[in-house]
Amino acid sequence: MDAHELTTLLETRRRELGEELARLTERPADPVGNLSFGKRIGDGTTEAVERINTTAAARSVAASLAEADRALVKLAEGSYGRCDDCGGRIPDERLDAVPWTALCVECRARRSR
Ligand SMILES: [Zn+2]
């Protein structure tokens, strides 16, 4: 994949993730009206749980979005393909599989521990 294709791919991913994030974080049109009529006790709990799930999903989408952003910066500054943590070369197979990664497999594993 050349730099131009890569930029297009990353920008597409960033746009899609941005749209998804907007969808996940948008509020119902009239939350107060929804809550005040015809609801049984306990419904509020379900809504709270749904809100938490949405927050977790939004957080994960936001993290992916930040990765795509970072990859575009790395492409622009010429450090694409190098690990942000150890400075080592990220193998091509990994970049093919996860083009937006800024970390080699070892550093990614260390961070998620
Ligand atoms: Zn590394």
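Rules behind the numbers
- Residues numbered from 1 in each chain as written.
- Predicted model: local features only at pLDDT ≥ 70, side-chain atom pairs only at ≥ 80, totals over all residues.
- Heavy atoms only, no water.
- Helix = DSSP H or I, 4+ residues; strand = E, 2+ residues; numbered from the N terminus.
- Buried < 20%, exposed > 50% of the residue type's maximum accessible area, 1.4 Å probe, protein only.
- Contact = heavy atoms within 4.5 Å.
- Areas by Shrake-Rupley, 256 points an atom, 1.4 Å probe, with all protein chains shown as cover.
- pLDDT = per-residue confidence, 0-100.
- Donors = N, O, S within 2.8 Å, 3.2 Å for Na, K, Ca; no water.
- Tetrahedral: all angles 85-135°; square planar, octahedral: opposite > 155°, others 65-115°.
- Expected span 1.5 Å × (residues − 1).
- Polar contact = N/O pair within 3.5 Å; in protein donor to acceptor, adjacent residues only side chain to side chain.
- Salt bridge = Lys/Arg side-chain N within 4 Å of Asp/Glu carboxyl O.
- Lys, Arg positive; Asp, Glu negative; His and termini not counted.

## Focus: the overall build of the protein
And then number 1: A tally of regular secondary structure across the protein gives five helices and zero strands.
And then number 2: Across the protein, helices and strands are ordered from the amino to the carboxyl terminus as α-α-α-α-α.
And then number 3: Out of the 113 residues belonging to the protein, those deemed buried represent 26%.
And then number 4: Contacts in the protein between residues far apart in sequence, at least 24 positions, make up 51% of those at least 6 positions apart.
And then number 5: Counting only carbon and sulfur atoms, one obtains 53% of the accessible surface of the protein, whose full area is about 7,900 Å².

## Thoughts on the confidence of the model for the protein
And then number 1: Overall, the prediction assigns the protein a mean pLDDT of 87, with 86% of residues at 70 or greater.
And then number 2: The element-level mean pLDDT for the protein is lowest in helix H2 (residues 31-36), coming to 52, with helix H1 (residues 3-25) highest at 95.

## Considerations on the coordination of the zinc ion
And then number 1: Distances from the zinc ion to its protein donors, Cys-83 (SG), Cys-86 (SG), Cys-104 (SG) and Cys-107 (SG), fall at 2.2 to 2.4 Å.
And then number 2: Given four donor atoms and angles of 104 to 113 degrees at the metal, the environment of the zinc ion is assigned as tetrahedral.
And then number 3: Considered as a linear motif, the donors of the zinc ion on their single chain read C-x2-C-x17-C-x2-C.

## Quick word on H1
And then number 1: Look at H1: 32 Å from first C-alpha to last across 23 residues, which is about the 33 Å you get at 1.5 Å a residue.
And then number 2: Where H1 is concerned, the buried positions are Leu-6, Leu-10, Arg-13, Leu-17, Leu-21 and Leu-24.
And then number 3: Sitting at the head of H1, Asp-2 places a side-chain oxygen 3.1 Å from the backbone nitrogen of His-4.

## Focus on the side chain of Ser-79
And then number 1: The topology assignment puts Ser-79 in the loop between helix H3 (43-77) and helix H4 (92-97).
And then number 2: Looking at Ser-79, its side chain comes within polar contact range of the side chain of Glu-77, at 2.9 Å.

## Describing the pattern of salt bridges
And then number 1: Within this structure, the stated rule accounts for six salt bridges.
And then number 2: Here Asp-84 and Arg-70 are joined by a salt bridge, their closest N and O atoms 2.7 Å apart. Note that Asp-84 is positioned in the loop between H3 and H4 and Arg-70 in helix H3, a separation of 14 residues in sequence.
And then number 3: Of the charged contacts, one joins Lys-74 and Asp-84 as a salt bridge, the two residues approaching to 2.7 Å between their closest N and O atoms. With Lys-74 in helix H3 and Asp-84 in the loop between H3 and H4, the pair connects residues that are 10 residues apart, well separated along the chain.
And then number 4: Take Lys-74: its relative accessible area is 1%, and that puts it in the buried class.
And then number 5: A single salt-bridge network, built from bridges that share partners, covers Arg-70, Lys-74, Glu-77 and Asp-84.

## Points about the side chain of Arg-94
And then number 1: Here Arg-94 lies in helix H4.
And then number 2: Nearest to the buried, unbridged Arg-94 among oppositely charged side chains is Glu-67, at 6.6 Å.

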